[in-house]
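So you can see what is in the structure, the chains are spelled out below.
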Amino acid sequence: VGVGGAALLETLSIAVPSALREEATALEEAGRTVLYVTVGDTVDALLVLSEAVRPGAESATAALREEGLDLQVITGDQSAAAEHVGRRLDMPVLSAMGPVDKIEAIQRLRDRGATVAMVGDGINDAAALAEADVGIAMGAGARISLEAADVALYNPDLRGIAWLRQLAARTGRIIRQNLAWTFGYNAIGLGLAVAGLLHPLAAVAVMTLSSAFVTWNALRIKQQPPLAGAGVALG
């Protein structure tokens, strides 16, 4: 018994009965993904899958586009089913993509100078999640995708991606502020100490205040407004 797409039938050199082929074509044109069930050297049945767009996906992708990101769907689904999802999300689509195809697609984007973030939850996404500059796995997905990704979102709400990007920007900004303060303070303090204008006890007091400021500034990361229920784990 075999279950798979048209590529499986080509590998096994199995022809599809005309009635089943017509039915499969009609289902694919309606945006469904069709798998063939083979028994021996004949096709005995069809399995029909329907791609469901996550609730809130349209608003989540719209918010990311407003921030200037280029979005693309990369899927193993056949063309008709993938285009159905692409039209709903208003995004370009690459369909019938296996794990190696997804890696090559990411590499082509990187060759054009892009920084690539990949969002996925399936077994076939694991290699692409590892290849991307930032791999983001959905917590309800396959375990291997969670292990391959840099970040796991345990809430299925895709708004967590925009929230995560805002958190990363805030964190980077605060790190740069702390580095600037630290290097500036040490440069000035060293100059005053060399000139004999900074008493050692005063230096200790100012250093303590500097450390307190850096700690307080770092804690401002917690001011990021939370996304309700958006559990995030960094790997």
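As shown above, the structure is provided for reference.
As the structure is a computational prediction, the values presented were derived from the model and not from experiment.

Looking only at helices and strands, the protein chain has nine helices and nine strands in total. On C-alpha atoms alone, the protein chain measures out to a radius of gyration of 26 Å, which is more than a quarter above the 18 Å that the 2.2 N^0.38 rule sets for 235 residues. Every one of the 235 residues in the protein chain was classed for burial, and the buried ones make up 32%. Counting only contacts in the protein chain whose residues sit at least 6 apart along the sequence, the fraction spanning at least 24 positions is 48%. Carbon and sulfur atoms make up 60% of the accessible area of the protein chain, which amounts to about 14000 Å² in all. With 18 positive and 25 negative side-chain charges, the protein chain shows a separation of 13 Å between the mean positions of the two kinds.

Here the focus is the sheet that holds strand E1 (residues 2-4). Strands sit in the order E1-E2-E3 across an open sheet of three strands; the sheet is antiparallel. Only two strands of the sheet have a single neighbouring strand rather than two, namely E1 and strand E3 (42-50). Each strand of the sheet is rotated relative to its neighbour by a mean of 20 degrees, with strand direction disregarded.

Two faces, one strand: in a regular strand the side chains alternate between the faces of the sheet. The alternating pattern of strand E6 (residues 117-120) places Met118 and Gly120 on a buried face and Ala117 and Val119 on a face that is not buried. Handedness of the crossover joining E6 and strand E7 (residues 134-138) through helix H6 (residues 126-131) is recorded here as right-handed.

Scanning all chains against the criterion turns up seven salt bridges. The partner of Glu67 in a salt bridge is Arg165, and the shortest N-O contact between them spans 2.4 Å. Of this pair, Glu67 sits in the loop between helix H3 (57-66) and strand E4 (73-74) while Arg165 sits in helix H8 (residues 159-194), and the two are 98 residues apart along the sequence. What makes Arg165 partly exposed here is its relative accessible area of 39%.

This part takes up a nonpolar patch on the surface. A surface patch of nonpolar side chains, about 390 Å² in accessible area, is lined by Val1, Val3, Val39 and Leu47. By secondary structure assignment, the location of Val1 is in the segment before E1. Judged by relative accessible area, which is 87%, Val1 ranks as exposed.

Here we come to the nonpolar core. Membership of the largest hydrophobic core comes to 21 residues, with the highest contact counts inside it found for Leu89, Leu158 and Ile161. Only H3, helix H4 (79-89), E7, strand E8 (151-153) and H8 provide two or more residues apiece to this core. Here the element with the most residues in this core is H8; it accounts for five residues. Look past the residues within four positions of Ile161 in its chain and what remains in contact with it is Leu64, Val119, Ile136 and Leu153. Residues Val16, Ala24, Val34 and Val43 belong to the second largest nonpolar core, which totals nine residues.

Attention now goes to the packing of aromatic side chains. For the coordinates displayed, the defined rule picks out two aromatic pairs. Arranged with centres 6.0 Å apart and planes meeting at 40 degrees, the rings of Phe213 and Trp216 form a pair that is tilted. Residue Phe213 and its partner Trp216 are both found in helix H9 (residues 200-219); the two are separated by three residues, about one turn of the helix. Ring pairing ties together the aromatic residues Trp181, Phe213 and Trp216, which thus form one cluster. The positively charged end of Arg220 is found above the aromatic ring belonging to Trp216, 5.9 Å away from the centroid.

Attention now goes to H4. If you check which residues of H4 are buried, you get Ala81, Ala82, Val85, Gly86 and Leu89. One side of H4 holds all its buried residues, which, seen down the axis, span an arc of 135 degrees. If you follow the buried residues of H4, they end up packed against helix H2 (18-29), strand E2 (32-39), H3 and strand E5 (93-94). The first or second residue beyond H4 is Asp90, which carries a positive phi of 55 degrees.

About the thresholds
- Throughout, a residue's number is its position along its own chain's written sequence, starting from 1.
- Restriction of local features to residues with pLDDT of at least 70 applies here, the model being predicted, together with a cutoff of 80 or more for giving and counting side-chain atom pairs; totals for whole chains, interfaces and linings are based on all residues.
- Each side-chain value is worked out from all heavy atoms of the structure, with water and hydrogens disregarded.
- Strands are runs of DSSP state E lasting at least 2 residues, helices are runs of H or I lasting at least 4, and numbering of each runs from the N terminus.
- For the radius of gyration, the atom set is restricted to C-alpha positions; the globular benchmark scales as 2.2 Å times the number of residues to the power 0.38.
- Think of it in three bands: with a 1.4 Å probe and only protein chains considered, a residue is buried below 20% of the maximum accessible area for its type, exposed above 50%, and partly exposed in between.
- Contacts: residue pairs with any heavy atoms within 4.5 Å of one another.
- Only the protein chains shown count as covering a residue, and every accessible area follows the Shrake-Rupley method with a 1.4 Å probe.
- In this tally, Lys and Arg are treated as positive and Asp and Glu as negative; His is ignored, and so are the chain termini.
- Charged side chains are reduced to one point each, which is NZ for Lys, CZ for Arg, CG for Asp and CD for Glu.
- Note on pairing: DSSP must find at least two bridges between two strands before they are called paired.
- For helices, the fitted axis covers only the stretch in contact; all axes are lines through C-alpha atoms, and the angles between them, taken along N-to-C directions, range from 0 to 180 degrees.
- Handedness rule for crossovers: strands pointing away from the viewer, path from the first strand over the helix to the second running clockwise, crossover right-handed.
- Here, a salt bridge means any Lys or Arg side-chain nitrogen found within 4 Å of an Asp or Glu carboxyl oxygen.
- Each patch is assembled from residues with relative accessible area greater than 30% and no salt bridge, linking like charges that lie within 9 Å and nonpolar side chains (Val, Leu, Ile, Met, Phe, Trp, Tyr) that lie within 5 Å.
- Buried residues of nine kinds, namely Ala, Val, Leu, Ile, Met, Phe, Trp, Tyr and Cys, make up a nonpolar core once their side-chain atoms join them within 4.5 Å.
- In this scheme Phe, Tyr and Trp rings, the latter by its six-membered ring, pair at centre separations within 6.5 Å, and the angle between planes marks the pair as stacked below 30 degrees, edge-to-face above 60, and tilted otherwise.
- Criterion for a charge above a ring: Arg CZ or Lys NZ at most 6 Å from the ring centre, at most 35 degrees from the ring normal.
- Our arc is simply the arc of the directions from the helix axis toward the C-beta atoms.

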